[in-house]
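A structural walkthrough
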Protein chains: 2
Amino acid sequence: MKKGKITIHDISKELGINSSTVSRALNNSSRVTQKTKDKILKKATELGYQRNSLASKLRTNKTNTIGVIVPRISRQFFSSVISGIEETAYDAGYEVIICQSLDNLEREQKLIETLLSNRVDGILISVSTQTLGKDDFNNCKQNETPIIFFDRPYNIEENTNVIIDDFKAGFEATEHLILNGCKNIVHFSGPQHSELYKRRKNGYLAALKKYNLTIDFNYIIASNLMKSDGIENAKKILDLSKVDAVFSANDVAAISAMIYLKDKGVKIPDEIAFVGFSNEQISAVIEPSLSTISQSDFKMGTVAATLLFKQIEQKTTIKEGYTKILEPKLIIRNSSQKIIL
Amino acid sequence: MKKGKITIHDISKELGINSSTVSRALNNSSRVTQKTKDKILKKATELGYQRNSLASKLRTNKTNTIGVIVPRISRQFFSSVISGIEETAYDAGYEVIICQSLDNLEREQKLIETLLSNRVDGILISVSTQTLGKDDFNNCKQNETPIIFFDRPYNIEENTNVIIDDFKAGFEATEHLILNGCKNIVHFSGPQHSELYKRRKNGYLAALKKYNLTIDFNYIIASNLMKSDGIENAKKILDLSKVDAVFSANDVAAISAMIYLKDKGVKIPDEIAFVGFSNEQISAVIEPSLSTISQSDFKMGTVAATLLFKQIEQKTTIKEGYTKILEPKLIIRNSSQKIIL
DNA sequence: CTGTTAGCGCTTTCAA
DNA sequence: TTGAAAGCGCTAACAG
């Protein structure tokens with residue numbers, strides 16, 4: 001028994017067949033007789049041969065591997081996107097390397113370096129919140145390694161982005177509440193420098209306008225949408241009169257606000273209806289009464305990956321920015337659904 | 001400007017320094033003058049050099065990379081373990097490749113193949129539920145690639161495993177309920193062929209014995225611990241008389257049972273106290289009244305990774321099984337804590 | 001301290 | 001259809 005790993009040369013020697021033929025056989029080339037193929041395959045399994053991808057990647061200058069960087073894999077949204085990416089990659093014969101930046105710029109840049117030095121064919125990334133500069137990804141561009149940004153848009157004019165239609169989502173969420181008889185709708189908005197939250201807010205405003213409802217800017221509560229903000233927001237709601245609905249720009253704040261309000265004896269959704277951007281599963285468990293806007297997470301993964309593979313195979317990194325905007329999806333839950341399983 | 005990627009030879013030529021010196025400089029070898037190092041580093045950044053890890057891995061026959069396979073990255077428990085692994089790996093200078101098996105054996109085996117063909121130095125795995133055979137990981141052993149099993153033990157006699165002390169956890173959970181005055185404690189157990197659930201159950205039984213409580217086997221309800229099972233279990237509880245507590249072997253069943261019972265007007269934890277294996281964060285949000293047993297997730301990651309690195313560096317795959325058992329951690333929440341933020 | 005040289009395991013012309 | 005030979009980019013003896 002040989003000590004190290006078996007190579008094609010070992011098979012080659014054992015059979016008296018040249019190693020290039022062995023290589024071709026193992027890659028199922030049409031230029032090898034079925035008979036020799038069989039012989040080689042048999043010997044390969046007999047010896048416990050295992051291909052060395054490193055060597056073949058080095059030689060061919062193609063890794064069939066893409067890198068994915070997300071802030072945290074534990075967030076349901078991102079893990080769903082990753083599932084979408086993996087499915088698409090699997091079908092296309094690509095390997096996927098998953099990394100988390102923990103929303104930390106330094107770490108993110110180190111990950112990019114690592115991925116590039118491992119010669120991934122392309123990168124999909126949802127940038128960290130600290131990433132804001134114009135040339136944070138110059139090394140990719142120098143390398144001509146395609147990179148696609150998803151969920152969190154980045155330099156739309158220059159890069160390829162995959163995002164959802166935030167304006168439309170905000171509009172539909174608000175419209176949904178209006179059509180259900182709500183007139184005094186509070187909006188939990190996020191940091192006002194963020195384009196994303198601005199667009200959601202504009203959707204909210206547009207819906208109010210369409211139905212000729214008065215716009216009261218006291219009803220727009222901006223915060224960082226953390227749990228503690230949800231509590232603060234809830235307190236503010238109690239101070240306002242006749243609020244009958246909330247459209248929250250994310251689920252975290254919505255949920256903590258709901259818990260707080262329930263605790264105060266407010267019936268949800270009898271007295272206040274909620275719509276929030278959210279992960280379907282979590283909010284279904286936590287609050288059956290919370291309707292949600294899905295970010296079409298899985299689909300975002302498949303779309304982004306498909307786009308990336310196209311860029312890789314055409315070897316044409318798009319210079320001018322291209323943004324793919326996905327439809328949002330409003331998920332309605334009836335308040336009769338006390339338990340959703 | 002050169003079209004392809006810059007190599008050490010490009011730097012070598014530009015400076016008239018031999019490429020091996022360049023290589024040494026880039027690896028910060030002590031056998032190069034600081035002066036030449038500086039020159040080389042400067043030229044490297046100037047040309048936009050980026051090391052090709054594939055080549056160096058191939059050459060050195062060491063990848064400084066480990067593979068991690070978990071059923072799903074979206075489960076809080078696994079993503080915490082992964083964080084623990086990543087921190088440890090980062091400190092030790094290892095890269096980490098994260099993969100999810102989706103609890104599917106075929107997929108798991110394909111992932112193992114891929115990792116091995118990429119010549120990872122070692123593998124950490126929490127096996128899929130479908131993985132039960134004796135020689136599912138023979139290819140690893142042939143390869144002499146260290147593999148460590150965490151959370152879900154696998155052939156304890158032969159392999160290295162990292163698990164928590166399930167017996168103790170079951171014992172402490174039950175004892176906690178007893179010490180709080182509960183006498184009629186139902187146990188939601190899992191599949192009875194599973195060692196893990198058997199050990200948790202034995203802990204439960206041991207605690208009852210210690211406090212001289214009568215053991216009623218009608219109080220041990222075995223199921224697959226899915227959401228729907230939780231509902232069924234809850235119905236069974238309502239049929240039993242004088243149940244005042246539940247120790248659930250996982251959180252999913254516990255939560256759905258609680259929701260169902262609350263819906264039926266049962267007050268929790270006034271009438272029924274719950275302890276469940278669980279993820280801290282989730283249950284804190286969903287059910288403040290649910291006390292939980294933590295599986296020391298992050299720590300499990302660091303321990304497993306440290307163990308693996310030791311095996312890799314000693315190049316001694318342990319032949320006889322070695323099992324590291326971690327302490328469980330009971331997290332008590334007072335029922336006064338209505339909102340935990 | 002630096003250069004020469006060989007080769008990791010694989011693929012791919014080119015030739016037979 | 002198969003073989004011979006070169007080389008992907010890097011590292012590591014060994015020599016100087």
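Keep in mind that this is a model prediction, so the values were computed, not measured.

Cut-off values and rules
Residues numbered from 1 in each chain as written. Chains lettered and ligands numbered in written order. Predicted model: local features only at pLDDT ≥ 70, side-chain atom pairs only at ≥ 80, totals over all residues. Heavy atoms only, no water. Near = heavy atom within 4 Å. Polar contact = N/O pair within 3.5 Å; in protein donor to acceptor, adjacent residues only side chain to side chain. Helix = DSSP H or I, 4+ residues; strand = E, 2+ residues; numbered from the N terminus. Axes fitted to C-alpha atoms, helices over the stretch in contact; angles between N-to-C directions. Parallel < 35°, antiparallel > 145°, perpendicular 65-115°, else oblique. Left-handed = near helix turned anticlockwise from the far one by under 90°. Contact = heavy atoms within 4.5 Å. Nonpolar A, V, L, I, M, F, W, Y, C, P; charged D, E, K, R; others polar. Least-squares fit on C-alpha atoms with pLDDT ≥ 70 in both. Phe/Tyr/Trp six-rings, centres within 6.5 Å; stacked < 30°, edge-to-face > 60°. Buried < 20%, exposed > 50% of the residue type's maximum accessible area, 1.4 Å probe, protein only. Lys NZ or Arg CZ within 6 Å of the ring centre and 35° of its normal. Pairing = 2+ DSSP bridges. Core = buried A, V, L, I, M, F, W, Y, C linked by side-chain atoms within 4.5 Å. Buried area = accessible area lost by both parts, 1.4 Å probe. Salt bridge = Lys/Arg side-chain N within 4 Å of Asp/Glu carboxyl O.

Inspection of the region around DNA strand C gives 27 residues, with S23, Y49 and R59 of chain A together with N18 and R59 of chain B positioned closest. Each atom of DNA strand C within 4 Å of the protein belongs either to a base or to sugar and phosphate, the latter forming 56%. Taking Y49 of chain A, its side chain carries an N or O atom lying 2.5 Å from a phosphate oxygen of DNA strand C. Sorting the residues of the surface near DNA strand C by element identifies α1 (8-15), α2 (19-26) and α4 (53-60) of chain A together with α2 (19-26) and α4 (53-60) of chain B as the ones contributing at least two each.

All names here are of chain A. Between helix α10 (residues 227-239) and helix α11 (residues 251-263), the least distance of the axes is 7 Å, while the angle of their chain directions is 50 degrees. By the criterion of interaxial angle, the relationship of α10 to α11 is oblique. In this structure, α10 crosses over α11, and the sense of that crossing is right-handed. Contacts between α10 and α11 involve K227, G230, I231, A234, K235 and L238 from the first element and V252, A253, S256, A257, Y260 and L261 from the second. Considered class by class, the residues forming the contact of α10 with α11 number eight nonpolar, two polar and two charged.

Put simply, the second copy of the chain is the first one after a rotation about an axis and a shift along it. For these two chains of identical sequence, chain A goes onto chain B by a turn of 180 degrees and a shift of 0.1 Å along the axis, with RMSD 0.2 Å. Taken together, the rotation angle and the small translation identify this as a two-fold axis. Mapped onto chain B, 96% of the interface residues of chain A again fall at the interface, so both copies present the same surface.

Before going further, it helps to spend a moment on the packing of aromatic side chains. Counted under the stated rule, the structure contains 10 aromatic pairs over all chains. A centroid spacing of 4.9 Å and a plane angle of 25 degrees characterise the contact between F149 of chain A and Y154 of chain A, whose relative ring orientation is stacked. Residue classification places Y154 of chain A among the buried positions, given a relative accessible area of 3%. Residue placement shows R107 of chain A over the ring face of Y90 of chain B; its charged tip is 5.9 Å from the ring centre.

All right, on to the pairing of strand β5 (residues 160-164) of chain A then. Along any regular strand the residues' side chains alternate between the sheet's two faces. All names here are of chain A. The element β5 is largely enclosed, with a buried count of five among its five residues. Here β5 shows no split at all, with T160, V162 and I164 on one side and N161 and I163 on the other all buried. In the sheet, strand β4 (residues 147-150) pairs with β5 via three bridges, with the strands oriented parallel. If you follow I148 over to β5, its bridge partner there is T160. The pairing of β5 with strand β11 (residues 322-326) spans five bridges and is classified as parallel.

Residue and element names in this part refer to chain A. Put simply, α2 and helix α3 (residues 34-47) touch, their axes get as near as 9 Å, and they point 90 degrees apart. Considering the angle they form, α2 stands roughly perpendicular to α3. Two secondary-structure elements touch here, α2 through T21, V22, A25 and L26 and α3 through K37, I40, L41 and A44. Looking at the contact of α2 with α3 residue by residue, the class counts come to six nonpolar, one polar and one charged.

Let us look at the nonpolar core. Soluble globular proteins tend to bury their nonpolar side chains together. Residues I66 and L124 of chain A together with I66 and L124 of chain B are the most contacted members of the largest nonpolar core, which totals 54 residues. Each residue touching L124 of chain B, except ones within four places of it in the same chain, is listed here: I66, G67, V68, I69, I85, I148, F150, A304, A305 and L308 of chain B.

Our focus in this paragraph is the interface of chain A and chain B. Taken together, the contact between chain A and chain B spans 48 residues of the former and 47 residues of the latter. Between chain A and chain B lies a buried interface of about 4,600 Å² when both sides are counted; carbon and sulfur atoms form 55% of it. The largest per-residue losses of area from chain A upon contact with chain B belong to Q50, L54 and R119 of chain A, which jointly make up 16% of the total buried on that side. Inspection of the region where chain A meets chain B yields four salt bridges. Residue R107 of chain A is joined to E87 of chain B by a salt bridge in which the shortest nitrogen-to-oxygen separation is 3.2 Å. Connecting chain A to chain B are 22 residue pairs in polar contact (both at pLDDT 80 or more).

Turning our eyes to something else, we now look at the protein's contact with DNA strand D. If you check the shell around DNA strand D, you find 27 residues, and the closest are T33 and R59 of chain A together with S23, Y49 and R59 of chain B. Taking all atoms of DNA strand D within 4 Å of the protein, the share assigned to sugar and phosphate is 60%. Between N18 of chain A and DNA strand D, the recorded distance is 2.8 Å, taken from a side-chain N or O atom to a phosphate oxygen. Within the side chain of S20 of chain A, one N or O atom sits 3.4 Å away from a base nitrogen of DNA strand D.

A few words now on the pattern of salt bridges. This structure, assessed with the given rule, holds 28 salt bridges over all chains. Note that E175 of chain A and K210 of chain A form a salt bridge whose closest N and O atoms lie 3.3 Å from each other. Of this pair, E175 of chain A sits in helix α8 (residues 166-179) while K210 of chain A sits in helix α9 (residues 195-210); the two residues are 35 residues apart in sequence, bridging distant segments of the chain. Of the charged contacts, one joins R75 of chain B and D103 of chain B as a salt bridge, the two residues approaching to 3.6 Å between their closest N and O atoms. In this pair, R75 of chain B sits in the loop between β1 (65-70) and α5 (76-92) while D103 of chain B sits in the loop between β2 (95-100) and α6 (105-117), placing the two residues 28 residues apart along the sequence. Exposure remark for R75 of chain B: the relative accessible area of 34% places this residue in the partly exposed category. Through salt bridges that share partners, E14, K43 and E46 of chain A make up one connected network.

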